[in-house]
Amino acid sequence: MACLLETPIRMSVLSEVTASSRHYVDRLFDPDPQKVLQGVIDMKNAVIGNNKQKANLIVLGAVPRLLYLLQQETSSTELKTECAVVLGSLAMGTENNVKSLLDCHIIPALLQGLLSPDLKFIEACLRCLRTVFTSPVTPEELLYTDATVIPHLMALLSRSRYTQEYICQIFSHCCKGPDHQTILFNHGAVQNIAHLLTSVSYKVRMQALKCFSVLAFENPQVSMTLVNVLVDGELLPQIFVKMLQRDKPIEMQLTSAKCLTYMCRAGAIRTDDNCIVLKTLPCLVRMCSKERLLEERVEGAETLAYLIEPDVELQRIASITDHLIAMLADYFKYPSSVSAITDIKRLDHDLKHAHELRQAAFKLYASLGANDEDIRKKIIETENMMDRIVTGLSESSVKVRLAAVRCLHSLSRSVQQLRTSFQDHAVWKPLMKVLQNAPDEILVVASSMLCNLLLEFSPSKEPILESGAVELLCGLTQSENPALRVNGIWALMNMAFQAEQKIKADILRSLSTEQLFRLLSDSDLNVLMKTLGLLRNLLSTRPHIDKIMSTHGKQIMQAVTLILEGEHNIEVKEQTLCILANIADGTTAKELIMTNDDILQKIKYYMGHSHIKLQLAAMFCISNLIWNEEEGSQERQDKLREMGIVDILHKLSQSPDSNLCDKAKTALQQYLA
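Residues numbered from 1 in each chain as written. Predicted model: local features only at pLDDT ≥ 70, side-chain atom pairs only at ≥ 80, totals over all residues. Heavy atoms only, no water.

Turning to the overall build of the protein, a few remarks are in order. Helix and strand counts for the protein stand at 42 helices and 2 strands. The C-alpha atoms of the protein give a radius of gyration of 34 Å, which is well past the 26 Å a tight globule of 673 residues would have. For the C-alpha atoms alone, the extent of the protein along its principal axes is close to 115 × 80 × 55 Å. When the 673 residues of the protein are sorted by exposure, 55% land in the buried category. In the protein, once contacts between residues fewer than 6 apart in sequence are set aside, the share between residues at least 24 apart is 67%. (Helix = DSSP H or I, 4+ residues; strand = E, 2+ residues; numbered from the N terminus. Rg over C-alpha atoms; globule rule 2.2 N^0.38 Å. Buried < 20%, exposed > 50% of the residue type's maximum accessible area, 1.4 Å probe, protein only. Contact = heavy atoms within 4.5 Å.)

Okay, here's the thing in C-alpha cells:
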C-alpha cells in the first residue's frame, strides 16, 4: 500500500512548494507592462540568496518567459534589464539551475542583448553571461560559436569598468587551450586588455591580470608579444613585477607570478633574469608558508613546481630559499589538531581539500629533485618523507596518487637512493600494486619509474622479477598508448641486461615472437629503438645467443633484414647492425649469418656507408665473424675475402677516423695471423 501512496505524497509536497512561487510567474503574463515590470522586480527580490525559490521558479517555467521578455522589441529597456538581472540571479544558484538556463538557450539571447545601445542593459547581460560562463557545466565553445561575438566584446571593453571586469572574467574562464588563445590574440586581446592593468578599479586590474595568465600559458607567440608591450611607458613584465610586491593583495601577487612564470616557460623571459630569480621565485616560495590560506599554498607550490621543472639552477635556488624543503613537510600535517583555524566553515573546507596540499607538495618535491643529487638527499631525509610518498601511492584521490608517483620517479633517478632509501622502504611493493590497476596517466609515470628500479645495480630488481613483473610489462607493450608501450619494452630491456638465461627465456615466452615483431614494425620510433635494445640485451653472452638463435633465429634474421632494407634513420640501423654483431659473436649462431648471402651483402654495403657509426657497427660484425681463435674461422675468412671484404678493410685502414682505422687494422691482423 505504501507504494501506492508514494506518488501522491510527492505531488502534494511539490504543489505546496510551488504554489507560493506561482504568483510570481503568473504576473509575468499580465497584459499591463507596468505590472509585468513590478512582477520581475518582486521576483528579483524574492530569489536573492534563496536557492529553493530559484529552483521553484525554474520548475514553473519562469526562464522561457523572462527570455521572451528580454528579447521582445516592445519591452522597455528597464524591463529587459531587470529580466537579465533575475536570470543572472537564477544562474548563481546550483549547477542544475545553470543547466536549465542553457537548455533554454540563454547564451544566444544574452549575446543578442549586447547589441543594444543601452549601457545598463549591456552590463546586466554581461554580468549574467559572466555567471553562466564561470559555471563548470557551461561549455566554453559557446563563446566562440558565432565569429562576430569576440570582436564585439573587444569593442565593448571601452564602455565602462563593469564591461571591462565582466568581459575579462569571461575571457579568462573561456580561454582553454591554444585554439582559444589564438582567437583572442588575433582579435587584439593583448592590446585591448593591457591598459586595463593600470585601471583605478582593483577588480578590473585583477581580471585583466588573470586574462594574461591564461593567454600566456604554454603559448610562445603570446608570451613573446607580452614582453614588448608598453603600458604608460612601462614594459608589461615590469608592471607584473610591481604587482607581485609584498604590499599587494595575495591574489594579485600570485597571478602576477603566474604570468611571469608562464612567460618564462614559454621562452619569452630567461630563467636567469632578475625578475624570475629575485622576484617571481621568492614570491612563490612565500606563498608556500603556513601563514597562507590552503588554496594559496596549493597554487603557490604548483606554480613554483612548473617554473623550476626544466631548470637545474632554479631548482637549486628554490631549495635553499626560506627552508622550502622543510616548509613543504607541513603540507602533510594540515590541518593539525592544534590548528589555528577558528572559523568552523573554513576548517570544514580545508579538511575536504587537504589532499590538494599533499598533491602540490609532491609536485614541487618532484621538480626540486629532478636533477640534483644533493637536493634529492635533502628531500628524502625530510621527516618521514618516504613513508609519506608510499602512503600517497594508495590514496583515494587519483591526482594525489599521480603526484606521489611523479615524486618517486624524480627521486628514483638517484643511484644512491635506489640502493638505500628505496630498498629500506620496499618502494617496489606499493608501486607494483599501483601498476595493477590505474588510469593511463598514472601507469605512464609508474612504469617509467619501474624502468629505473630494474636497472642492474638496483636491489629491487630481484623482488620485482619474483612478483610477476614480466607478464605485467609484456601486457604494457600491447597498450594503445605509445608511452606505455615504450615504458613496457624499456623496462624489459633493463630487465634483460646481463640477466640469467631463465629470465631471458621468461621474457621471450611472455612477450611471444609475434608481439616482438609487431613492436619491431611499430610506428613509434621510441618503441622500435627500445625493442632493438631489448633484442640486443637478450642476445648477449655466447650460450644465451646460441640458445635464443637456435629457437628464434629464423624470425630474428627476417626482422633484421626488414629493418636494414627499410626507410629507417641512422640510429635504428646502427642498433640493428649491433644486434647482428652480437649474433656473430655466438658459437653456432654466427652460421645463420654466414649462410645468409643477403645479410652478408648488407654488412658489406654498410662497411662502405658514408656514416661512420654504421661503418663501425658493420666492422664489429666482420671482426666477430673472422676472429682467429674460433672454430671455422678460416672458412669464414675465405668466404668474406671472396666477397671483397679484405679490400674494403684495406681502404678503411686509411680512414681519417682513428676509431674506424684501428678496427680495420685489427681485423686485417686476423687474416695475417
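Nonpolar side chains tend toward joint burial in soluble globular proteins. One finds Phe212, Leu368 and Leu580 to be the most contacted residues of the largest nonpolar core, which totals 242 residues. Residues contacting Phe212, with those up to four places away along its chain left out, are Val190, Ile193, Ala194, Leu197, Leu226, Leu236, Phe240 and Cys259. (Core = buried A, V, L, I, M, F, W, Y, C linked by side-chain atoms within 4.5 Å.)

With that settled, consider the UniProt feature "repeat: ARM" (unreviewed entry) in the protein. Here, the residues flagged by UniProt with the feature "repeat: ARM" (unreviewed entry) are residues 61-97. Taken as a whole, residues 61-97 contains 76% helix and 0% strand, while its terminal C-alpha atoms sit 12 Å from one another. (UniProt positions renumbered as here; feature names shortened; annotations may be inferred.)

Glancing now at the confidence of the model for the protein. Per-residue confidence for the protein gives a mean pLDDT of 91, with 96% of residues at or over 70. Here residues 1-14 scores under 50 on pLDDT; set against residues more than four positions off or in separate chains, the count is 0 contacts. (pLDDT = per-residue confidence, 0-100.)

Attention now moves to the packing of helix H4 (residues 62-71) against helix H5 (residues 77-91). Look at H4 against H5: their axes get within 8 Å of each other, and the N-to-C directions meet at 145°. Between H4 and H5 lies a crossing whose hand is left-handed. Counted together, Val63, Leu66, Leu67, Leu69 and Leu70 of H4 and Leu79, Lys80, Cys83, Ala84, Val86, Leu87 and Leu90 of H5 form the full contact between these two elements. Class assignment of the residues belonging to the contact of H4 with H5 gives a composition of 11 nonpolar, no polar and 1 charged. (Axes fitted to C-alpha atoms, helices over the stretch in contact; angles between N-to-C directions. Left-handed = near helix turned anticlockwise from the far one by under 90°. Nonpolar A, V, L, I, M, F, W, Y, C, P; charged D, E, K, R; others polar.)

With that out of the way, let us pick up helix H16 (residues 250-265). Taking 1.5 Å per residue, 16 residues should reach 22 Å; H16 reaches 22 Å between its end C-alpha atoms and fits that length. In terms of residue burial, H16 counts as a mostly covered element, since 13 of its 16 residues are buried. (Expected span 1.5 Å × (residues − 1).)

What follows is about the packing of aromatic side chains. Using the criterion set out here, one finds 7 aromatic pairs in the structure. Ring geometry for Tyr162 versus Tyr166: centroids 6.2 Å apart, planes at 25°, classification stacked. Of this pair, Tyr162 and Tyr166 are both found in helix H10 (residues 161-174), 4 residues apart, which corresponds to roughly one turn of the helix. Ring plane angle 65° and centroid distance 4.8 Å describe the contact between Phe217 and Tyr262, whose orientation is recorded as edge-to-face. With Phe217 in the loop between helix H13 (202-216) and helix H14 (220-227) and Tyr262 in helix H16, this residue pair connects regions lying 45 residues apart in the sequence. Overall, Phe217 belongs to the partly exposed group, its relative accessible area being 33%. Taken together, Phe217, Tyr262 and Tyr306 form an aromatic cluster joined through their ring pairs. Over the aromatic face of Tyr306 sits the side chain of Arg265, whose NZ or CZ is 4.2 Å from the ring centroid. When the ring centre of Trp490 is taken as reference, the NZ or CZ atom of Lys530 above it lies at 4.3 Å. (Phe/Tyr/Trp six-rings, centres within 6.5 Å; stacked < 30°, edge-to-face > 60°. Lys NZ or Arg CZ within 6 Å of the ring centre and 35° of its normal.)

A surface patch of negative charge is lined by Glu631, Glu635, Asp638 and Glu642. The topology assignment puts Glu642 in helix H40 (residues 633-642). (Patch = residues over 30% accessible without salt bridge, like charges linked within 9 Å, V, L, I, M, F, W, Y side chains within 5 Å. Areas by Shrake-Rupley, 256 points an atom, 1.4 Å probe, with all protein chains shown as cover. Salt bridge = Lys/Arg side-chain N within 4 Å of Asp/Glu carboxyl O. Lys, Arg positive; Asp, Glu negative; His and termini not counted. Charge placed at Lys NZ, Arg CZ, Asp CG, Glu CD.)

A positive phi angle, near 60°, is found at His105, a position not held by glycine. Its place among the elements puts His105 in the loop between helix H6 (95-103) and helix H7 (106-113). Note on His105: relative accessible area 56%, which makes it exposed.

Here we take up the pattern of salt bridges. For the structure on display, the rule yields 30 salt bridges. The closest approach of N and O atoms between Asp330 and Lys290, which form a salt bridge, is 3.7 Å. You can see Asp330 sitting in the loop between helix H20 (324-329) and helix H21 (344-368) and its partner Lys290 sitting in the loop between helix H17 (274-286) and helix H18 (294-308), a full 40 residues away along the chain. Among the ionic pairs, Lys602 bridges to Glu565, the shortest N-O distance being 2.9 Å. Taken together, the positions of Lys602 in helix H38 (residues 597-607) and Glu565 in helix H35 (residues 542-565) put the pair 37 residues apart, joining distant regions of the chain.

Before going further, it helps to examine the environment of Lys602. For Lys602, a relative accessible area of 12% translates into the label buried. Separated by 37 residues in sequence, Lys602 and Glu565 have C-alpha atoms that sit 8.6 Å apart. Lys602 has contacts with Thr561, Leu564 and Glu565, leaving out every residue within four places of it along the chain.

Those residues of helix H19 (residues 312-319) not exposed but buried are Leu314, Gln315, Ala318 and Ser319. Seen from one end, H19 has its buried residues packed into an arc of 135°, which puts them on one side. If you follow the buried residues of H19, they end up packed against H17, H18, H20, H21 and helix H22 (373-381). Backbone nitrogen of Glu313 and a side-chain oxygen of the N-cap are separated by 3.2 Å at the start of H19; the cap is Asp311. (Arc of directions from axis to C-beta. Polar contact = N/O pair within 3.5 Å; in protein donor to acceptor, adjacent residues only side chain to side chain.)

For the structure shown, the criterion picks out 0 disulfides. Cysteine Cys407 is unpaired, with the sulfur of Cys288 as its nearest cysteine sulfur at 14 Å. The class of Cys407 is buried, set by a relative accessible area of 0%. (Disulfide = S-S within 2.5 Å.)

Counting through the fold element by element, Leu102 comes out in helix H6. For the pair formed by Leu102 and Val137, sequence separation is 35 residues and the distance between their alpha carbons is 9.2 Å. Setting aside residues no more than four positions away along its own chain, Leu102 makes contact with Ile107, Val132, Val137, Thr138, Pro139 and Leu142.

Among the secondary structure elements, Glu630 is positioned in the loop between helix H39 (612-626) and H40. For the pair formed by Glu630 and Asp585, sequence separation is 45 residues and the distance between their alpha carbons is 10.0 Å. Side chain to side chain, Glu630 and Arg542 meet in a polar contact 2.5 Å long.

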